[in-house]
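Coordinates in review
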Amino acid sequence: MKVGILGGGQLARMLALAGVPLGIEFIILDPSAEAGAVRLGEHLQGDYDDKALLTQLAEKADVVTYEFENVPSEVAAFLSEKTTVYPSANALAVAQDRLVEKNFFHQLNIPTAPFANITSLEDLQQAMTTIGYPAILKSRRMGYDGKGQIVLKTADDLAPAWESIQGVPSIVEGFVEFTREISILAARNPKGEVVYYPLSENQHSQGILRVSEAQKNDRMQAKAQKYVGYLLKELDYVGLIALELFEVKGKLLANEFAPRVHNSGHWTIEGAKTSQFENHLRAILDLPLGSANTRGFTGMVNFISNVPDVEKILSIPNAHLHLYDKSARKGRKVAHVGICSNNRPNFFSALMSVLELAVQCNVDD
Ligand code: AMP
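Now for a quick tour of the structure. Bear in mind that the values here come from a model prediction, so they are computed numbers and not experimental data. (Residues numbered from 1 in each chain as written. Predicted model: local features only at pLDDT ≥ 70, side-chain atom pairs only at ≥ 80, totals over all residues. Heavy atoms only, no water.)

Take the pattern of salt bridges next. What the rule picks out here adds up to 16 salt bridges. Ionic pairing is found between Glu 278 and Arg 282, a salt bridge with its closest N-O pair at 2.7 Å. Remark: Arg 282 and Glu 278 occur in helix H10 (residues 276-284); sequence separation between them is 4 residues, near one turn of the helix. With a relative accessible area of 17%, Glu 278 lands in the buried category. Connected via shared salt-bridge partners are Arg 180, Glu 201, Asp 218, Arg 219 and Glu 247. (Salt bridge = Lys/Arg side-chain N within 4 Å of Asp/Glu carboxyl O. Helix = DSSP H or I, 4+ residues; strand = E, 2+ residues; numbered from the N terminus. Buried < 20%, exposed > 50% of the residue type's maximum accessible area, 1.4 Å probe, protein only.)

Okay, here's the thing in structure tokens:
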């Protein structure tokens, strides 16, 4: 079995690490010779829209998947004509346009923050009369980790925000006073079998995920499962999906979904009976899915900007280091630490120690 992956960053790297024990081989298309996953499989070095390389990828791989959702739709269509692509080009198209995605949530009766389509400054001024302040202007495409987003606090912010987003097609969204941010991960295979992971509670700062913690018997589990289940069914989805939600006054509002393995599920490597990476591979290869139950108290901490000191991390009991083979750069995810223990105090003790090191590493933020 050979899996082709578009993108050779840390998500591809962790997919490959999960697949090798199952006898899966990998072929990875990425422009960079330095990408963290390329030593774990055959590397096709070149651009994502290079037709000759895409043809090679399709011919050599039994199934093609991707580690980022901004794959141009022409590329997904080109590959889909030649081989199996999971998740489908349709799931990708919905997830990569915030307006299409928000309308899709509504069509499925999944609540969201109030939003409006923005194509001009006049649209924005008009929309703000109903949405109210504060709000967020988000580019429809190519936004991630808080990029392409501007908070609007008063009417004076509208013209500068529209200018700074360079007038690209956007949405404006009401700013939600959430009590917490959560995500739910689920995997579905072509037979329609589904597994749901326990909810992750996520802490972001400056739009970037910092910490995720798996929840036990969460009061919102059933509702989140219902919502992600609607997406899986409607999209006839195959692979791992992550739905990000805000909890507001006992209700869940959908923010966005990712048609791929997700940073808020990295704790599943040590903390779940089957990791999100393994279940994604099982799903796209039409294999039986593995249990998504946790092995104890579990979570993960991201290291942003600077690579952590290996010895310091390894001296913390129950902490598991994952380096992404990336050099230090401000705002870049360079590593994460998974934490898992069947004893709650030990879990928290490890979490605190890891957080202390993460704060030192992220000092440039
Ligand atoms: P996104 O790229 O949409 O996932 O946004 C990144 C982060 O910005 C989210 O995880 C939230 O912390 C914050 N954010 C995005 N949209 C909203 C909103 N409508 N209200 C409040 N916070 C938001």
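A few words now on the nonpolar core. Core analysis: the biggest nonpolar cluster contains 37 residues, and Val 3, Ile 5, Phe 26, Tyr 197, Phe 277, Leu 281 and Ile 284 have the highest contact counts within it. Looking at this core, the elements with two or more residues in it are strand E1 (2-6), helix H1 (10-19), strand E2 (25-30), strand E10 (180-188), strand E13 (208-214), strand E14 (239-248) and H10. Ranked by the residues each element gives to this core, the list is headed by H1, at 6 residues. Each of two domains, domain 1 (2-85) and domain 3 (180-361), supplies a minimum of three residues to this core. Phe 104, Ala 224, Val 228 and Leu 245 belong to the second-largest nonpolar core, a separate cluster that totals 25 residues. (Core = buried A, V, L, I, M, F, W, Y, C linked by side-chain atoms within 4.5 Å. Domains from an automatic or database assignment.)

To continue, consider the site of the ligand. Neighbouring the ligand are 15 residues; Gln 149, Glu 173, Val 176, Glu 181 and Glu 256 lie closest to it. Within the complex, 92% of the 480 Å² of free accessible area of the ligand lies under protein. Among the secondary structure elements, those contributing two or more residues to the shell around the ligand are strand E7 (135-139), strand E9 (170-174) and strand E15 (251-258). Its residues placed into classes, the shell around the ligand shows 5 nonpolar, 5 polar and 5 charged. Of the domains in this structure, domain 2 (114-174) and domain 3 (180-361) are the two that each give at least three residues to the shell around the ligand. (Near = heavy atom within 4 Å. Areas by Shrake-Rupley, 256 points an atom, 1.4 Å probe, with all protein chains shown as cover. Nonpolar A, V, L, I, M, F, W, Y, C, P; charged D, E, K, R; others polar.)

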